[in-house]
Amino acid sequence: MALTRDEREKFLAEPHIAALAVEAEAGRAPLSVPIWYQYEPGGDVWIMTGLDSRKNQLIKAAGRFSLMVDRLEPTIRYVSVEGPVIETVPATEEHLREISARYLPADKVDGYVAFATANHGEQVIVRMRPERWVSSDLGSV
C-alpha cells in the first residue's frame, strides 16, 4: 500500500541511513552510496558531503538526486524521494553538530564533531526540494 503524504513525510523525518543515488558519467551506473540526511515534514532535504567529493561533483552536474530509506520491522516500508538541488552552501560546525546529533548518541557527538572537523576537509550542505515520491508499506509479509 502506498503511504499517505503525512505517513511518508513522517517516515522520511526519522533518522534512517539513506541510499543516495545520482546520475554518473557516461558508461557508468548511477552513484549509489549510504548517507546521513536531515528532513522535517513539509521542508527540504539536506545532506552534508565533501566539497571535492565525487558525490558533490556528480550532484552539481546532474542538478538533482534521490534518497531512499527503508526498514524491515515492524513492517516492510520504504520511501524514495527525488528532486532538484535548490542550494549548495558551505557547511558550518552547527550543521555538523545537528546531523551528528540526529544519528549518534549524545555522548558521542562532541568527539565525532572534533574528528570530522579535523579529518573530513571542506564540507558543503546540499539542499534538495522533494518533487517526486515513491512509497509503500508491504506489511509484515
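Within every chain, residues take consecutive numbers counted from 1 along the sequence as written. For this predicted model, a pLDDT threshold of at least 70 governs which residues receive local features, and a threshold of 80 or more governs which side-chain atom pairs are given and counted, while totals over whole chains, interfaces and linings are taken from all residues. Derived side-chain values reflect all non-hydrogen atoms in the structure, with water molecules and hydrogen atoms excluded from consideration.

**Some details on the pattern of salt bridges**
Pairs may arise between side chains of opposite charge once their charged atoms sit close together. What counts, and what does not: Put simply, a salt bridge is a Lys or Arg side-chain nitrogen that is within 4 Å of an Asp or Glu carboxyl oxygen. Helix numbers and strand numbers start at the N terminus; a helix is a DSSP run of H or I with at least 4 residues, a strand a run of E with at least 2. Accessible area is worked out with a 1.4 Å probe on protein chains only. A residue is then buried under 20% of its type maximum, exposed over 50%, and partly exposed in between.
Applying the stated criterion to the full structure yields 13 salt bridges. As a salt-bridge pair, Arg-132 and Glu-82 come within 3.6 Å of each other at their nearest N and O atoms. Taken as a pair, Arg-132 in strand β8 (residues 132-139) and Glu-82 in strand β6 (residues 76-90) lie far apart in primary sequence, 50 residues in all. Overall, Arg-132 belongs to the partly exposed group, its relative accessible area being 48%. Residue classification places Glu-82 among the partly exposed residues on the basis of a relative accessible area of 26%. The partner of Asp-110 in a salt bridge is Arg-97, and the shortest N-O contact between them spans 2.6 Å. One end of the pair, Asp-110, is in helix α4 (residues 106-119); the other, Arg-97, is in helix α3 (residues 93-103), and 13 residues separate them in sequence. Since its relative accessible area comes to 30%, Arg-97 is described here as partly exposed.

**Considerations on the packing of aromatic side chains**
Operational definition: When two rings of Phe, Tyr or Trp (its six-membered ring) have centres within 6.5 Å they constitute a pair, described as stacked for plane angles under 30 degrees, edge-to-face for angles over 60, and tilted for the intermediate range.
Summed over the entire model, instances satisfying the criterion amount to three aromatic pairs. Centre to centre, the rings of Trp-36 and Tyr-103 are 4.9 Å apart; their planes meet at 10°, and the pair counts as stacked. Residue Trp-36 is found in the loop between β2 (31-35) and β3 (37-38), and its partner Tyr-103 is found in helix α3; the two are separated by 67 residues along the sequence. You can call Tyr-103 buried: its relative accessible area is 16%. Considering the side-chain rings of Tyr-39 and Trp-133, the 6.2 Å spacing of their centres and the 65° angle between planes classify their relative orientation as edge-to-face. Of the two residues, Tyr-39 is situated in the loop between β3 and β4 (45-50) and Trp-133 in strand β8; the sequence distance between them amounts to 94 residues. Like Trp-133, Tyr-39 is buried.

**A closer look at the side chain of Asp-137**
Worth spelling out the cut-off: Between N or O atoms, a polar contact is any pair within 3.5 Å; within protein, one atom must be a potential hydrogen donor and the other a potential acceptor, and residues adjacent in sequence are included only when both atoms are from side chains. In what follows, a contact means two residues having at least one pair of non-hydrogen atoms within 4.5 Å.
Of note, Asp-137 is situated in strand β8. Using a relative accessible area of 14% as the deciding quantity, one classes Asp-137 as buried. In terms of polar contacts, Asp-137 uses its side chain to reach the backbone amide nitrogen of Gly-139, at 2.8 Å. Setting aside residues up to four positions removed in sequence, Asp-137 forms contacts with Met-1, Leu-3, Arg-71, Thr-75, Ile-76 and Arg-77.

**What about the packing of α3 against α4?**
Two quantities define a packed helix pair, namely the angle between the helix axes and the distance between the axes. Short version of the rule: Interaxial angles span 0 to 180 degrees and are taken between N-to-C directions of axes, which are lines fitted to C-alpha atoms, for helices over the stretch in contact. Here is the rule for angles: anything less than 35 degrees is roughly parallel, anything more than 145 is roughly antiparallel, 65 through 115 is roughly perpendicular, and the remaining ranges are oblique. Here a crossing is called left-handed whenever its near helix is offset anticlockwise from the far helix by less than a right angle, and right-handed whenever the offset is clockwise.
In contact at an axis separation of 10 Å, α3 and α4 are set at 135° when each is read in the N-to-C sense. The angle between α3 and α4 places the two elements in the oblique class. Judged by the sense of rotation from one axis to the other, the crossing of α3 with α4 is right-handed. Where α3 abuts α4, its residues Glu-93, Leu-96, Arg-97, Ser-100 and Ala-101 lie against Val-109, Asp-110, Tyr-112, Val-113, Ala-116 and Thr-117.

**Considerations on the environment of Ile-35**
Looking at the secondary structure, you find Ile-35 in strand β2. Each C-alpha atom of the pair Ile-35 and His-16 lies 9.1 Å from the other, and the pair is 19 residues apart in sequence. Beyond its immediate stretch of four places on either side in the chain, Ile-35 contacts Ile-17, Ala-18, Leu-20, Ile-47, Met-48, Lys-55 and Leu-67.

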